[in-house]
Amino acid sequence: MKHVGLIYDFDMTLSEEYQQEPLLRKFSKEIKEKYGIEDIENYFSTLCSGQGIDIGVGAMQQILIDSKNLFGGLTNQQMRKEFAPLVKLSTGLPEWFDRIDEYIAELNLDSTHHIVSAGFVPLIEGSPIAPYLSSIHAGNFIEDKDGINLISHIVDPYNKMREITHICKGEGREDSRLAIDEYEINYDHVIVFGDGKSDKSMFNFVRERGGYAIGVYQKYDDSSMRKALELIGNVNFIVPRDYSAGSRLEEVSKVALKQISKRNCTYDYRLVHALKLKQLRHSELINLTSSHLNSCDDCSERSKDTVIYW
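A.B. asks: What is the right way to read the layout of surface pockets from this model?
C.D. replies: Unfilled space is identified by rolling a water-sized probe across the atoms. The space that makes up the second largest pocket amounts to roughly 360 Å³. Looking at the second largest pocket, it is lined by 16 residues, and the ones nearest its centre are Ile180, Asn186, Asp188, Arg209 and Asp268. Of the residues that constitute the lining of the second largest pocket, the class distribution is five nonpolar, three polar and eight charged.

Here it is, written out as structure tokens:
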């Protein structure tokens with residue numbers, strides 16, 4: 001049985017706000033007094049930008065800096081139990097997971113769901129979607145008796161490919177040298193969901209290997225829609241961020257899943273992808289790949305231009 005991996009970014013992909021916002025809202029008065037920041041949405045951009053610090057590293061470091069005094073001894077358990085349940089999830093969650101799994105089973109496929117996020121593990125572990133996840137790849141803190149005091153793991157928002165490879169290889173085999181047919185999830189059986197430019201590298205990584213990429217945006221929000229337009233060429237579909245039954249997101253996900261269920265093509269899709277990008281140089285390889293693309297409905301479907309639903 002084919003194993004399909006559905007891999008999601010978290011912030012603004014499965015949620016309607018950044019996962020740290022419930023924490024920042026609680027301490028908004030203290031943040032204003034200490035930093036003069038009126039809007040908590042500007043907390044990270046104000047304190048981390050302009051210093052040459054990667055936003056993934058910067059966000060975790062800034063929370064750590066303020067954890068003792070400003071946040072009163074913040075703990076992983078506090079993030080998990082108090083703040084994670086308050087993160088506003090996108091429409092249709094968590095019901096999406098059971099419903100899409102039922103459809104996947106009808107296609108005679110097996111499925112697992114995974115998060116790859118530059119956020120924090122406890123803020124995802126405590127959310128209502130956690131019971132549906134097979135793995136969470138995100139930043140983690142170590143703590144002592146006074147709360148969090150060290151960073152143990154960071155997910156670089158612009159380099160999520162490493163985490164995807166770990167997911168596809170399978171738990172406990174992350175650093176093993178495996179042939180692709182030994183992976184638990186083949187790359188061309190992956191569907192990845194994200195919302196912005198930090199997800200482009202992961203979109204391209206999956207698409208290059210024959211999987212599907214779906215970009216999401218907040219409907220009727222001009223800023224979110226502009227971000228979506230930047231994903232053209234990096235994703236198969238751009239759809240509103242709505243996981244409800246009958247939504248466009250569910251519709252295109254089912255299209256991708258059905259294609260995966262029917263797939264019997266063994267041609268290296270990386271060559272098809274390179275052909276589309278005009279990156280192949282050897283004339284015989286160009287002719288061979290062009291001939292295959294013209295005769296293979298599956299590769300033709302995967303290589304179509306981005307389809308946008310407004």
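Having put the structure on the table, let's press on.
A.B. asks: It is not clear to me how the packing of aromatic side chains should be interpreted in this structure. Could you clarify?
C.D. replies: Here a ring pair, both rings aromatic, is described through the centre-centre distance and the interplanar angle of the planes. For the structure shown, the criterion picks out 13 aromatic pairs. Plain terms: the ring middles of Phe97 and Tyr132 are 5.2 Å apart, the flat faces sit at 15° to each other, and that makes the pair stacked. With a gap of 35 residues between them, Phe97 in helix H6 (residues 95-106) and Tyr132 in the loop between helix H7 (121-125) and strand E3 (135-144) connect regions that are remote in the sequence. Among the residues examined, Phe97 registers a relative accessible area of 0% and is labelled buried. Counting every residue linked through ring pairs, the aromatic cluster contains Tyr8, Trp96, Phe97, Tyr132, Phe193 and Tyr243. Taking NZ or CZ as reference, Arg209 lies 5.7 Å from the ring centre of Tyr187, over its face. Of note, Lys254 hangs over the ring of Tyr103, and the distance from its end group to the ring centre comes to 4.9 Å.

A.B. asks: Would you explain the pairing of strand E6 (residues 212-217) in this entry?
C.D. replies: Across a regular strand the side chains alternate sides, sitting on one face of the sheet and then on the other. Most of E6 sits out of view: six of its six residues are buried. Neither face of E6 is open: one carries Tyr212, Ile214 and Val216, the other Ala213, Gly215 and Tyr217, and all of them are buried. The pairing of strand E5 (residues 190-194) with E6 spans four bridges and is classified as parallel. Residue pairing across strands places Phe193 opposite Ile214, the latter belonging to E6.

A.B. asks: So what exactly am I meant to see when it comes to a nonpolar patch on the surface here?
C.D. replies: A cluster of nonpolar residues, Leu229, Ile232 and Trp310, forms a patch on the protein surface that exposes about 310 Å² of accessible area. On the secondary structure map, Leu229 appears in helix H10 (residues 222-229). The class for Leu229 is partly exposed, based on a relative accessible area of 42%.

A.B. asks: I keep staring at the side chain of Glu250 and nothing clicks. Help me out?
C.D. replies: Among the structural elements, Glu250 can be located in helix H11 (residues 248-262). Judged by relative accessible area, which is 6%, Glu250 ranks as buried. In this structure the side chain of Glu250 is engaged in a polar contact, spanning 2.8 Å, whose partner is the backbone nitrogen of Gly246. Excluding residues that lie within four positions of it along the chain, Glu250 makes contacts with Trp96, Arg99, Ser244 and Ala245.

Conventions used here
Residues numbered from 1 in each chain as written. Predicted model: local features only at pLDDT ≥ 70, side-chain atom pairs only at ≥ 80, totals over all residues. Heavy atoms only, no water. 1 Å grid on protein atoms, 1.4 Å probe; cavity = no way out; pocket = protein on both sides within 12 Å on 5 of 7 lines; lining within 4 Å. Points joined across faces, edges and corners; volume = space filled by probe spheres on them. Nonpolar A, V, L, I, M, F, W, Y, C, P; charged D, E, K, R; others polar. Phe/Tyr/Trp six-rings, centres within 6.5 Å; stacked < 30°, edge-to-face > 60°. Helix = DSSP H or I, 4+ residues; strand = E, 2+ residues; numbered from the N terminus. Buried < 20%, exposed > 50% of the residue type's maximum accessible area, 1.4 Å probe, protein only. Lys NZ or Arg CZ within 6 Å of the ring centre and 35° of its normal. Pairing = 2+ DSSP bridges. Patch = residues over 30% accessible without salt bridge, like charges linked within 9 Å, V, L, I, M, F, W, Y side chains within 5 Å. Areas by Shrake-Rupley, 256 points an atom, 1.4 Å probe, with all protein chains shown as cover. Salt bridge = Lys/Arg side-chain N within 4 Å of Asp/Glu carboxyl O. Polar contact = N/O pair within 3.5 Å; in protein donor to acceptor, adjacent residues only side chain to side chain. Contact = heavy atoms within 4.5 Å.

That's the geometry; what it means functionally is another story.
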